Amino acid sequence: MIQIIFGEKGTGKTKKILDLANRAAKEASGSVVFIDDDDRYMFDLNLAIRFINAVEYGITGPKTFYGFLCGVAASDHDLEYVFVDGFLNLVRHDLATLEELFHELESFTKQHNIRLTLSVSGAKETLPAFLQQYAL
């Protein structure tokens, strides 16, 4: 399952994703992972959440992001929730060009029973049609 927190800069996306992650940590029977592009919010998370600064792993585009996510799941068979703040900062592509990635992510999350939540910056009217189903 994929969910997207979508909104313009300064609309509270990071606060919302942090709140969702902390709530998930209390309710989850499996592991919770929070991925970001810096360490800024590491101490705002429940201690049970595994925090990953993805910049340290050389993600340069959609394919490396997908491979990275597969590696996270492969190393943790109890993975239940993955939260990614600043998704576009990691994949470094325009959202409209990521339809194939989202098909792969949809298949991956279903196969491994993972709930994936992404925060994405942008104006709501620019959200591509293929992502409408995931918008919170």
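Use the structure listed above.
Residues numbered from 1 in each chain as written. Predicted model: local features only at pLDDT ≥ 70, side-chain atom pairs only at ≥ 80, totals over all residues. Heavy atoms only, no water.

The next subject is the nonpolar core. By size, the foremost hydrophobic cluster in this structure holds 33 residues, and its most contacted members are Ile 4, Ile 35, Phe 65, Val 84, Phe 87, Leu 95 and Phe 102. Secondary-structure elements contributing two or more residues to this core are β1 (2-7), β2 (31-36), α2 (62-74), β4 (79-84), α3 (87-91), α4 (99-112) and β5 (115-121). Considering each element in turn, this core owes the most residues, five residues, to α2. When sequence neighbours within four positions are dropped, the list of residues in contact with Leu 95 reads Phe 6, Phe 87, Leu 88, Phe 102, Val 120, Leu 127, Pro 128, Phe 130 and Leu 131. Among the nonpolar cores identified, the runner-up in size contains 15 residues, and Leu 18, Ala 28, Phe 51 and Phe 83 belong to it. (Core = buried A, V, L, I, M, F, W, Y, C linked by side-chain atoms within 4.5 Å. Buried < 20%, exposed > 50% of the residue type's maximum accessible area, 1.4 Å probe, protein only. Helix = DSSP H or I, 4+ residues; strand = E, 2+ residues; numbered from the N terminus. Contact = heavy atoms within 4.5 Å.)

For the rest of this paragraph, the subject is the sheet that holds β5. One open sheet holds the five strands; their spatial order is β1-β5-β4-β2-β3, and the pairing between them is parallel. For this open sheet the edge positions go to β1 and β3 (50-53), each flanked by a neighbour on one side alone. Strand-to-strand twist across the sheet, computed as the mean angle between neighbouring axes with direction ignored, equals 15°. Packed onto the sheet, helix α1 (residues 13-27) meets β1, β2, β4 and β5 and runs at close to 165° relative to β5. Each of β2, β3, β4 and β5 touches α2; the most contacted strand, β4, lies at about 145° to it. (Pairing = 2+ DSSP bridges. Axes fitted to C-alpha atoms, helices over the stretch in contact; angles between N-to-C directions.)

Mapped onto the fold, Glu 80 is located in strand β4. Buried within the structure, Glu 80 lacks any salt-bridge partner; Arg 115 is the closest side chain of opposite charge, at an N-O distance of 4.9 Å. Reaching out from Glu 80, the side chain makes a polar contact with the backbone nitrogen of Ser 29 at a distance of 2.9 Å. For Glu 80, the residues in contact, after removing those within four places along its chain, are Ala 28, Ser 29, Gly 30, Ser 31, Asn 113, Ile 114 and Arg 115. (Lys, Arg positive; Asp, Glu negative; His and termini not counted. Salt bridge = Lys/Arg side-chain N within 4 Å of Asp/Glu carboxyl O. Polar contact = N/O pair within 3.5 Å; in protein donor to acceptor, adjacent residues only side chain to side chain.)

Bringing the packing of aromatic side chains into the picture now. Applying the stated criterion across every chain, the model contains eight aromatic pairs. Ring centres of Tyr 66 and Phe 108 lie 5.8 Å apart, and the angle between their planes is 75°; on these two criteria the pair is classed as edge-to-face. Taken together, the residues Tyr 66 in helix α2 and Phe 108 in helix α4 connect sequence positions 42 residues apart. Classification of Phe 108 by relative accessible area gives buried; the value is 5%. The rings of Phe 65, Phe 87, Phe 102, Phe 130 and Tyr 134 are connected pair by pair, giving a single aromatic cluster. (Phe/Tyr/Trp six-rings, centres within 6.5 Å; stacked < 30°, edge-to-face > 60°.)

Fair warning: the whole summary comes from geometry, so function is off the table for now.
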